[in-house]
Amino acid sequence: MIIDEEKIIKDGSEIVLRCARADEAEMVLDGYIKVSGETRFLVGEPDEIKLTVEQEREFIDGSNTNDKKLLLLAFVDGRYAGNCRFEGKTATRKFAHRASLGIALFQEFTGRGLGGIMLEKLLAVAKEKGYEQMELTVYSGNIRARKLYKRLGFKECGAIPAAVKFPDGTSFDEILMYKKL
Ligand SMILES: CC(C)(COP(=O)(O)OP(=O)(O)OC[C@H]1O[C@@H](n2cnc3c(N)ncnc32)[C@H](O)[C@@H]1OP(=O)(O)O)[C@@H](O)C(=O)NCCC(=O)NCCS
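A.B. asks: Would you explain the overall build of the protein chain in this entry?
C.D. replies: A count of helical and extended segments in the protein chain gives 4 helices and 8 strands. The N-to-C order of helical and strand elements in the protein chain reads β-β-α-α-β-β-β-α-β-α-β-β. A globule of 181 residues ought to have a C-alpha radius of gyration of about 16 Å, and the protein chain, at 16 Å, matches this closely. Counting only C-alpha atoms, the protein chain reaches 40 × 35 × 35 Å along its principal axes. The buried share of the protein chain, taken over its 181 residues, is 41%. In the protein chain, of all internal contacts separated by at least 6 residues, the share reaching a separation of at least 24 is 61%. For the protein chain, the exposed surface amounts to about 10100 Å²; the carbon and sulfur share of it is 50%. Both charge centroids of the protein chain, one from 29 positive and one from 29 negative side chains, sit 7 Å from each other.

Structure representation (structure tokens):
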């Protein structure tokens, strides 16, 4: 779906939340690769991302034209800062009340409350669209994200032990969280 652009002033900066345009596919894909290299808390590493700009464009179009999906970009003082999105768990009726979300900001824009602003918007839109439950997974080591999700009302409801392993032998559990909308 496409929602109206929203402008917010926070700490003297202008935050713009809006949907991606198809001609921003390269920016969004480059951002995904960049953010994957900046944090250990996303699924893949930059060299594992094999998407093409054309596939990213199709992804943006697919999100913009589907009333049950949202891809929301954030800009701070005109600079692309990251994105968040939601989509239904599956296309079947039994699962139609459930959606799951993802969010990733460039490190430079973390730690100043932007994630919360984006997710509050995303949760409101998901509720408006009829979803009853939002779900996500988060790695146990991602303290900042876990704090944010808890503040927004998410509850932890299980974990896969050592779901994510690193070359140095350390690992994170993958924690499942949900929030009733
Ligand atoms: C996770 C993420 C979306 C959080 O957004 P954010 O804007 O950075 O979060 P906030 O600034 O609102 O901080 C969230 C909470 O963590 C706290 N916090 C901020 N920096 C922190 C740090 N370095 N260590 C611990 N806590 C921290 C804040 O005080 C805040 O607590 P509160 O909600 O109780 O007030 C963002 O950091 C991000 O995109 N990180 C990289 C990718 C990622 O981890 N994605 C999520 C995968 S599940």
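A.B. asks: What is the right way to look at the pairing of strand S1 (residues 6-10) in this model?
C.D. replies: Successive residues of a regular strand alternate their side chains across the two faces of the sheet. Pairing geometry for S1 and strand S2 (residues 13-19), over 5 bridges, is antiparallel. By the bridge assignment for S2, lysine 10 is matched with serine 13. Hairpin connection from S1 to S2: 2 residues lie between these consecutive antiparallel strands, with aspartate 11 at a positive phi of about 50°.

A.B. asks: How should I be thinking about helix H3 (residues 114-128) in this particular structure?
C.D. replies: The periodicity of an α-helix, 3.6 residues per turn, causes residues three or four positions apart to be oriented the same way. Here H3 is 15 residues long and its end C-alpha atoms lie 22 Å apart, about the 21 Å a rise of 1.5 Å per residue gives. Within the sequence span of H3, burial applies to Leu114, Gly115, Gly116, Ile117, Met118, Leu119, Leu122, Leu123, Val125 and Ala126. Glycine 130 sits one or two residues past H3 and shows a positive phi near 100°.

A.B. asks: Please explain the environment of leucine 42 as it appears in this structure.
C.D. replies: Mapped onto the elements of the fold, leucine 42 is located in the loop between helix H1 (25-38) and helix H2 (53-64). Classification of leucine 42 by relative accessible area gives partly exposed; the value is 22%. With 97 residues separating them along the chain, leucine 42 and tyrosine 139 place their C-alpha atoms 8.6 Å apart. Setting aside residues no more than four positions away along its own chain, leucine 42 makes contact with Val35, Ser36, Ile103, Ala104 and Tyr139.

A.B. asks: Where do I start with the packing of aromatic side chains in this structure?
C.D. replies: To describe a pair of aromatic rings, one takes the distance between the centres and the angle between the planes. Following the criterion strictly, the structure yields 7 aromatic pairs and no others. For the pair phenylalanine 41 and phenylalanine 172, a centre-to-centre distance of 5.8 Å together with 40° between the ring planes defines the contact as tilted. One end of the pair, phenylalanine 41, is in the loop between H1 and H2; the other, phenylalanine 172, is in strand S8 (residues 171-180), with 131 residues separating them in the sequence. Since its relative accessible area comes to 12%, phenylalanine 172 is described here as buried. The cationic tip of lysine 34 hangs over the ring face of phenylalanine 106; the distance from NZ or CZ to the ring centre is 4.4 Å. The cationic tip of arginine 40 hangs over the ring face of phenylalanine 166; the distance from NZ or CZ to the ring centre is 4.2 Å.

The rules behind the values
Residues numbered from 1 in each chain as written. Predicted model: local features only at pLDDT ≥ 70, side-chain atom pairs only at ≥ 80, totals over all residues. Heavy atoms only, no water. Helix = DSSP H or I, 4+ residues; strand = E, 2+ residues; numbered from the N terminus. Rg over C-alpha atoms; globule rule 2.2 N^0.38 Å. Buried < 20%, exposed > 50% of the residue type's maximum accessible area, 1.4 Å probe, protein only. Contact = heavy atoms within 4.5 Å. Areas by Shrake-Rupley, 256 points an atom, 1.4 Å probe, with all protein chains shown as cover. Lys, Arg positive; Asp, Glu negative; His and termini not counted. Charge placed at Lys NZ, Arg CZ, Asp CG, Glu CD. Pairing = 2+ DSSP bridges. Expected span 1.5 Å × (residues − 1). Phe/Tyr/Trp six-rings, centres within 6.5 Å; stacked < 30°, edge-to-face > 60°. Lys NZ or Arg CZ within 6 Å of the ring centre and 35° of its normal.

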